[in-house]
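# Topology and contacts: notes
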Amino acid sequence: NGKARQIRGVLYQPNFPVGLSGAPDAQMAVRDLAAIRAMGFNLVRAHLRPLTGEQLEWCDRHGLMVYAETPLAWMNEPDQEKAFQVAAREIKELVEAQRNHPSVVIWGISNENGGFSGDIGDRLLRLAGQMDPSRPALDVSGWAMNIFPEGGWVNETRILRPGSSKAEFLEDNHHYLRSPAGRAEWNILRNLGDPGKMGSYESAGYGPAGGEKMWYDRLASSKD
């Protein structure tokens, strides 16, 4: 409604009894969403499992914003054109089904798909932008920086802003830290995004060795 909002979001990957991705009744379908809203979050990322029409209507009524995402993840298809066609089908169906819901504020094309950070991602972003020029779209979430004890990567995530025809770089990071979190994890999380204050992943035992400096340097040079 023309007002700036600070986004406080949560990743939501529903697992329901019996049907797994589908709730057995209307009450259970919105129970998690109501709990998310009650805890003070204002956005839900429907991770890999798009919300149902019933759930989206609840979000419309209660002001819970939705990051709508296709089921595409970890795709390892060597045929680039085939990969594009599969992904294009998913984004078309998602946008057509959900673009009339005001709660949807961003389209997510894929999750942790390295191959989609190049030409395929460009084509899919243009497709999403043509189908819905009113919302931003991300090509690959979790590809700019992913860090966890056994390894990680540094690459690029891009965003297509509403009405734009040119994708831009976006610092989109996935951090998989130990639980329970110790002092090192706490220092990283409370200063996340500030390379001058953040603790070191590598010194805390997270990898890969040598990948951290590249990301810190890029973060320090960012103007946004």
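So, a few notes on the structure that sits alongside this text. (Residues numbered from 1 in each chain as written. Predicted model: local features only at pLDDT ≥ 70, side-chain atom pairs only at ≥ 80, totals over all residues. Heavy atoms only, no water.)

All right, on to the packing of aromatic side chains then. Using the criterion set out here, one finds one aromatic pair in the structure. Plain terms: the ring middles of Tyr201 and Tyr206 are 6.3 Å apart, the flat faces sit at 90° to each other, and that makes the pair edge-to-face. Here Tyr201 matches Tyr206 in class, with each residue buried. The lysine or arginine in question, Arg123, covers the ring of Phe84, its NZ or CZ lying 3.6 Å from the ring centre. Its guanidinium or amino end placed over the ring of Tyr206, Arg178 lies 4.3 Å from that ring's centre, counting from NZ or CZ. (Phe/Tyr/Trp six-rings, centres within 6.5 Å; stacked < 30°, edge-to-face > 60°. Buried < 20%, exposed > 50% of the residue type's maximum accessible area, 1.4 Å probe, protein only. Lys NZ or Arg CZ within 6 Å of the ring centre and 35° of its normal.)

Spatially, seven strands are ordered β1-β2-β3-β4-β5-β8-β9 in an open sheet, and the strand pairing comes out mixed. Two strands bound the open sheet, and with one partner strand each, they are β1 (9-12) and β9 (168-170). Where strand β8 (residues 157-160) meets β9, three bridges bridge the pair, whose relative direction is antiparallel. When the bridges of β9 are listed, Thr157 appears paired with Leu170. Each of β1 and β2 (43-46) is contacted by helix α1 (residues 26-38), which is oriented at about 160° to β1, the strand it contacts most. (Pairing = 2+ DSSP bridges. Helix = DSSP H or I, 4+ residues; strand = E, 2+ residues; numbered from the N terminus. Contact = heavy atoms within 4.5 Å. Axes fitted to C-alpha atoms, helices over the stretch in contact; angles between N-to-C directions.)

What follows deals with the nonpolar core. Formed by 38 residues in total, the largest nonpolar core has its most connected members in Val66, Ile91, Phe116 and Leu124. Taken together, the elements giving at least two residues each to this core come down to α1, β2, α2 (53-62), β3 (65-69), α3 (80-98), β4 (104-108) and α4 (119-131). At seven residues, α3 tops the list of elements feeding residues into this core. For Leu124, the residues in contact, after removing those within four places along its chain, are Phe84, Ala87, Ala88, Ile91, Ile109 and Phe116. (Core = buried A, V, L, I, M, F, W, Y, C linked by side-chain atoms within 4.5 Å.)

A few words on the packing of α1 against α2. Put simply, α1 and α2 touch, their axes get as near as 9 Å, and they point 40° apart. You can see that α1 and α2 cross each other, and the crossing is right-handed. Side by side, α1 and α2 meet where Ala26, Ala29, Val30, Leu33, Ala34 and Arg37 of the first sit next to Glu54, Gln55, Trp58, Cys59 and His62 of the second. Split by residue class, the contact of α1 with α2 holds seven nonpolar, two polar and two charged. (Left-handed = near helix turned anticlockwise from the far one by under 90°. Nonpolar A, V, L, I, M, F, W, Y, C, P; charged D, E, K, R; others polar.)

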